[in-house]
Structures are given as structure tokens and as C-alpha cells.
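# Fold and geometry: a report
Residues per chain, in single letters:
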Amino acid sequence: MSKRLGRLAPIMVAVLAVAACGDSVDPRGNDADTGDGDQVTLVLESWRNDDLAIWEDVILPAFHEQHPNIRVTFQPTSPDEYDAALDAKLSGGTAGDLITCRPFDVALRLHEEGHLESLTDLKGLDAYSDIARAAWSTDDGSETFCVPMASVIHGFLYNTEIFDELGLTPPTTEEEFHDVLDAIAADGSYAPLVMGTADQWEAATMGLQNIGPNYWHGETGRQGLIEGTQRFDDDQYVAAFTELASWAEYLPDGYESITYPDAQNLFTLGRGAIYPTGSWEIALFNEQTDFEMAAFPPPLPEGRDTCHISDHTDLGIGMNAATDHPEEARTFLEWTTTPEFAELYANALPGFFPMSEHDVTVEDPLAQEFLSWREECESTIRNSYQILSRGEPNLENQLWDLSAQLLNGTVEPREAADRVQTGLERWYEPQQQ
């Protein structure tokens, strides 16, 4: 018998026993009589097609063991087709019962269109902070429509063999960071920083949004932009752009034409020392590298003693308002708020971290290193994701463009800050004051 069948055997026995006596098990774990003991099948929509085996072999069997009368089927769509396919299914009434939710405006639109049911009163939702719930709540925070499932944490991966070879230690301040970069550059054997600007988004996501929270004080700065009490042309934002621009001399030769996959390959092949990125790379890089990796959080700028990390809300899970099985769907969603699910998920997908306040033990040492920063630093999310990218120019896209231009040397930090601020003022009223 296969391992998978071995896990499912007790479930099958339990189901047959229920059917034989004519009783069923209530989805919430209590005995109940449905008259026929039939199972309810729920379909979970997702764009995470790489996670199919993890859900089928690890996560869902744990749920099925506790709730044998509810079967959940993981039904992924390729990431680049997911949003359009889901919209079509929801409009046509063929979407699954459970929906994996993008953060912020994509999910908010589905809720406002009546496709995602409110989960504000869901048992277990109080285990999540306001920051965690913000990605799947209305702007005023009064309604939540998806359970926060996972976040990713920004930081820097490094090749420990190169550090050992050159006698380097991971930096904690920006001054130390530049000393390390200078030492690697002086040796000449490796690219100090591995990143390109061809795809643009890396310069903002893995560059600006990685180091920026230490400059704009995390949530204080992010909320200040939303409220209009801070501006992108304030000194702290200009300073963040200035630090990002300084990376250019440490990037690989020809970085202007290096794509995201190119940069991944350069690092995993051992041709670069430090990779600005996030925890989402851990599983892939564990498979692809033949050297030991470690990580350090964004180094502190001069004069700062509180560290801030981008602990970015990445995916949630909600309920299709048109499901024929709302009680069973809520039972599954309640289960995703539990410590059991948090630990299962964190270890099945190292680098994607639960957002609940439950204590979780992560077995992967590199993932645990990223996770440990939550104890040392204050968490925030990318400052372009909530509200501020709804107009034209789109803030997220503008940051991609200008961050890449900074590294390419076609704009100066003050000019970049002024252009971002001008763009916001065109459409966002709180920034027009």
C-alpha cells in the first residue's frame, strides 16, 4: 500500500462506518444525522499550481482525518491565467466553493461584486493582527472576507562559502553592508549583489520595498502616505532612493539586461555573493544550490535602532458567496485559523509564513532564520499595495519604473521621489493637501 493510500485508509473506514449506521459526522466535529451520511465535496481554487502535491499529500489529509464528511479538492490554475479564469467562473456560476485570494484590490473587488462572502464573524479570525487582515478587509477595516493564509518576508540571501572564503560576516548596519560589498568587489571573483533591472519589478520589490521600511519607519510611513501626513518627496523616501541607487556599482556586468530568471541562475550557480530577495525563493533555491545559504535582514541605516521588515501579505483564502455548502466551507476556513494548519503550511511551503499569532516551529533552518526576524523587528507591508495603486499613474508600476531607472542611472534619487509624489497628487486627494 502506498504512503498516500495508507493515510487515507482510516478515513475510508470511518466514512464506510458512518454510511452503514445511517449517521454522519457534523462538519464541526459533532455527531449529526443528515439522513444519508453522504460526503460533501468542496473545490478550492488557487493559482499555486506548484503546490498541488503539498495540498493533496500533506495539508488536506490532515483536514479530512478530522472531518471525514467533508472532502476538499485542490484545483489550481496557472498563475498568469488565474484572475481571468476565476472571474469567468464566478460570473458563470462554476467557481469552486473556496477561493484563494490575492491581496488588497483584486480580492476587495470580488467582495464588492458579491463573490466573496464576509467572514468577519468567523471563529478564529481574532488570531490575526490588523496588518494581517488589512489585505483582505474593506478600507475601513469593518469587514474581512478572506482568512490570511501566508506572508513572505524580504531580506538578503547570501552564499556562506563565499563569505567564509573572503572572511566576511553578515552586516547589521548599512555601513557594514557597504564594507562587505566593497570587499567582494575588491576580490573580483563574484558579483557582490545579484539583481537585474530588465524586468523592472525586482528593483522595486526586492530593492526599494526591502530596504525602505527602515527609512520610513514601517507602518508609520506606510499609513502616513495613505493619510496624507507623509509625502514621497520627504527626506526619508529620498534617502531610501539614494541607498537603492548606490547598489548600481555592485551589480553584475550588464545588469540592465539581466532578467529575474537570469539573476536566480547567477546566484544558484555560485557566481554572486548576495541576493536581495525574499523568503519565497527558499524552496526553489534549496533544490538548485549545492552550497549553504544563510540570510540577513535589511541593514539599519545610520542613526536607526529599530529594524523594520516587509512581512508582506501574499495570499488568503475565502468563501464563494454562491457555494451550495456554506457551513462546510466555513468549517474548513475555521480549520485554517488553527495552530495545526499554521504549522503544517509553514513546513510544507518553507518561506511562506502563517500570519496568525500562533507559535510555529519551522523545520527548515533558512526559513526559520527569516521567521525569527519577526521577534526582532517590526513588521510592515509594501507601501504601494493598499489603496495607493488605484489611480493613474499606478503607484506600483511607477515604483517599478523609477527604481529600475535609479539603478540604470537615468534618474537621480530626488527626481525619482518628486515624480512619484507628482503622480500621487494627480489622483489621490489626501496627497493634494
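Look a little higher up for the structure.
What counts and what doesn't
- Residues numbered from 1 in each chain as written.
- Predicted model: local features only at pLDDT ≥ 70, side-chain atom pairs only at ≥ 80, totals over all residues.
- Heavy atoms only, no water.
- Pairing = 2+ DSSP bridges.
- Helix = DSSP H or I, 4+ residues; strand = E, 2+ residues; numbered from the N terminus.
- Right-handed = clockwise from strand over helix to strand, strands pointing away.
- Buried < 20%, exposed > 50% of the residue type's maximum accessible area, 1.4 Å probe, protein only.
- Phe/Tyr/Trp six-rings, centres within 6.5 Å; stacked < 30°, edge-to-face > 60°.
- Lys NZ or Arg CZ within 6 Å of the ring centre and 35° of its normal.
- Contact = heavy atoms within 4.5 Å.
- Disulfide = S-S within 2.5 Å.

Taken together, the seven bridges between strand 3 (residues 40–46) and strand 4 (residues 70–76) define a ladder with parallel strand orientation. The residue bridging Val40 from the neighbouring strand is Ile70, located in strand 4. Note that the unit made of strand 3, helix 2 (residues 52–66) and strand 4 has a crossover that is right-handed.

So, on to the environment of Asp187. Tracing the backbone shows Asp187 in helix 7 (residues 174–187). Separated by 239 residues in the primary sequence, Asp187 and Arg426 have C-alpha atoms spaced 47 Å apart.

This part is about the pairing of strand 5 (residues 98–101). Residues of strand 5 alternate between two faces, with Leu98 and Thr100 on one and Ile99 and Cys101 on the opposite face, all of them buried. Alignment of strand 3 against strand 5, held across two bridges, turns out to be parallel. Of the residues in strand 5, the one forming a bridge with Glu45 is Ile99. Where strand 5 meets strand 10 (residues 308–319), four bridges bridge the pair, whose relative direction is antiparallel. Residue Leu98 lies in a different strand from strand 10, and its bridge partner there is Met319.

This part takes up unusual backbone geometry. Geometrically, the link from Glu392 to Pro393 is a cis peptide bond, its omega value of 5 degrees lying close to zero. Relative to the elements of secondary structure, Pro393 occurs in the loop between strand 11 (378–380) and helix 17 (395–408). Although it is not a glycine, Phe104 sits at a positive phi angle of roughly 65 degrees. Within the element layout of this structure, Phe104 appears in the loop between strand 5 and helix 4 (105–112).

A separate point is the packing of aromatic side chains. By convention here, two paired aromatic rings are described through the distance between centres and the angle between planes. Overall, the coordinates contain 26 aromatic pairs when judged by the stated rule. Aromatic pair Trp55 and Phe74: ring centres 5.3 Å apart, planes at 10 degrees, arrangement stacked. You can see Trp55 sitting in helix 2 and its partner Phe74 sitting in strand 4, a full 19 residues away along the chain. Summarising the aromatic geometry, the rings of Trp55 and Tyr345 are spaced 6.2 Å apart at their centres and angled 65 degrees between planes, so their arrangement reads as edge-to-face. Pair noted here: Trp55 is in helix 2 and Tyr345 is in helix 15 (residues 339–348), with a separation of 290 residues, a long-range link. Exposure class is identical for Trp55 and Tyr345. Each is buried. Members of the aromatic cluster, connected to one another through ring pairs, are Trp55, Phe63, Phe74, Phe332, Trp335, Phe341 and Tyr345. It is Arg48 that lies over the ring of Phe352; its NZ or CZ is 4.4 Å from the centre.

As a further point, take helix 15. The set of residues buried in helix 15 consists of Phe341, Ala342, Tyr345, Ala346 and Ala348. Where helix 15 is buried, its residues contact helix 2, strand 6 (146–159), strand 10 and helix 14 (326–335).

Within the structure shown, the criterion is met by two disulfides. Between the sulfur atoms of Cys101 and its disulfide partner Cys146 the distance amounts to 2.1 Å. The sign of the -80 degrees torsion about the S-S bond sets the Cys101-Cys146 disulfide as left-handed. Here Cys101, found in strand 5, pairs with Cys146, found in strand 6; they are 45 residues apart in sequence, far enough to count as distant. Owing to a relative accessible area of 2%, Cys101 belongs among the buried residues under this scheme. Cys146 sits in the buried class, given a relative accessible area of 1%. In this model, Cys307 is linked to Cys377 through a disulfide, with the two sulfur atoms separated by 2.0 Å. Around the S-S axis, the bridge from Cys307 to Cys377 shows a dihedral of about -95 degrees and counts as left-handed. Of the two residues, Cys307 sits in the loop between strand 9 (293–296) and strand 10 while Cys377 sits in the loop between helix 16 (365–376) and strand 11, which places them 70 residues apart along the sequence.

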